Amino acid sequence: MSYRIGLVGKPSVGKSTFFNAATMNDVPEGAYPFTTIDPSVGEAYVRVECAAPEFGETCTPSVGYCEDGTRFVPTKLVDVAGLIPGAHEGAGLGNQFLSDLNETDVLVHVVDFSGETDIEGEPTEGHDPRDDIDFLETELDQWYLSVLGKGIERYETGYTTEDDDIEEELAEQMSAFRITEDEIKRLIRRVDIGFDPGEWDDDDRLELAREIRRETKPMVIAANKMDTPEAQENYDEITSDPDYEHLTMVPASAHAEKALKSAAEAGVVEYTPGTSEFEIVGDISGSQEAGLEQIREFIDEYGATGVQDALEAALFDVLGVIPVFPGGANGLGNERGEVLPDCYLLPPNSTAEDFAYSLHSDIGEGFLHAIDCRSNRQRGASYDLDERDVLEVITTN
Ligand SMILES: Nc1nc2c(ncn2[C@@H]2O[C@H](COP(=O)(O)OP(=O)(O)OP(=O)(O)O)[C@@H](O)[C@H]2O)c(=O)[nH]1
């Protein structure tokens, strides 16, 4: 399954810089990036420690690439345009923006932590980045609330059959958000408002809408422009503010990542995305060197530029995606001589049987069991996949 990470942010926060940096990849020969005619969709990568070295092998990825034992597994990054000035004045978020959001699995909200852009993206000083975070969350909550309201109305007017449960009605009304009846039930329990919507007041509805939004639009904050003077103070303040505890924040400098990738493309530095080191290998001017040294200072302090980390936080930490390698118990290679060619990204709580279906969609009832290639142990249908499992699927056909 291919995941779509949505990139959102008001103008001038560095969203384009982030998108370009994340999707501009010096992909080695032999790797085939997907092609797209839609410029707002790009191929980015998430890193997974390759399993091949544990088996004394060298992998041959069919998509993405592997560098020094790190697999770069492709994922789609979608630039969700339209978080526009004026939306906060009552125009609301545009319909296109909202429907584009529903095509994504998780969001990275790029926020300017320098405080140097106001809510409309115009230059200013001392702007509180919390306003931008609140703005997007509030708008999304209002959108969810309006859809939730429609579901409650349908339920209360008895438009549906009598023995429908409220969670069933809401799951149907909110199907675009990809939420199930069971999940709604769990969230109603969590906000502790009972199952009779007639008893819910405005605050209850809003709280439920917010829980459903947090569940279905999980979000990472890319705290961008951390290389500027005011950013650290803002970051410290916001990460210690209990109102923002529910959010994962990644300090970032999209600008630094873009500069390093451009320099790598020009052959003047060697840089593996997401790492804490790079080496100057070509001739550069004094000012270029000074620029790179500033980036080095940033990386020394934060460990990386944060662009790669933000994508991985979105997919692995927030969404809980599990990377799994299909392998062979009697050797990792397949019949074409490829070694560990794939790394699948599976939804959280997937089982060995789910993995088998994602490998062979036509498997029908044919799943027998899986074999853990590290231990040679059999894994039954309900085995919960572990991060970086290497599994062979055994079927009847
Ligand atoms: N200091 C600093 N500046 C950055 C960083 N990332 C982007 N910028 C600058 O911020 C400005 C806006 O960057 P863009 O990438 O064009 O921002 P955007 O959010 O795509 O803006 P729109 O194109 O208006 O939607 C540019 O001058 C960038 O050079 C960063 O990490 N640090």
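Residues numbered from 1 in each chain as written. Predicted model: local features only at pLDDT ≥ 70, side-chain atom pairs only at ≥ 80, totals over all residues.

The protein chain appears in an unreviewed UniProt entry as Ribosome-binding ATPase YchF, GTP1/OBG family from Natranaeroarchaeum sulfidigenes.

Turning our eyes to something else, we now look at unusual backbone geometry. Of note, asparagine 349 is a non-glycine position whose phi angle comes to about 65°, a positive value. Of note, asparagine 349 is situated in the loop between strand S11 (344-346) and helix H11 (352-359). Backbone geometry places asparagine 376, a non-glycine residue, at a positive phi of 65°. We classify asparagine 376 as exposed; it has 10 C-beta atoms within 10 Å. (Helix = DSSP H or I, 4+ residues; strand = E, 2+ residues; numbered from the N terminus. Buried ≥ 20, exposed ≤ 12 C-beta atoms within 10 Å, placed from the backbone.)

Grouped together as the largest cluster of nonpolar side chains are 88 residues, with contacts concentrated most on Ile5, Leu7, Val108, Ala222 and Ala310. Ranked by residue count, the leading element in this core is helix H3 (residues 129-156), at seven residues. Apart from residues no more than four positions distant in its own chain, leucine 7 is found in contact with Lys15, Phe18, Phe19, Leu77, Val78, Asp79, Val80, Val108 and Val110. Ranked by size, the runner-up nonpolar core spans 10 residues in total, among them Leu260, Val269, Tyr271 and Phe298. (Core = buried A, V, L, I, M, F, W, Y, C linked by C-beta atoms within 7 Å. Contact = placed C-beta atoms within 7 Å.)

Attention shifts here to the packing of helix H8 (residues 254-265) against helix H9 (residues 286-302). Direction vectors running N to C along H8 and H9 enclose 125°, while the axes themselves pass 10 Å from each other. Between H8 and H9, the interaxial angle falls into the category oblique. Crossing of H8 against H9: the hand is left-handed. Between H8, through Ala256, Ala259, Leu260 and Ala263, and H9, the contact on the second element is made entirely by Gly291, Leu292, Ile295 and Phe298. A breakdown of the residues in the contact of H8 with H9 according to their chemical character gives seven nonpolar, one polar and no charged. (Axes fitted to C-alpha atoms, helices over the stretch in contact; angles between N-to-C directions. Parallel < 35°, antiparallel > 145°, perpendicular 65-115°, else oblique. Left-handed = near helix turned anticlockwise from the far one by under 90°. Nonpolar A, V, L, I, M, F, W, Y, C, P; charged D, E, K, R; others polar.)

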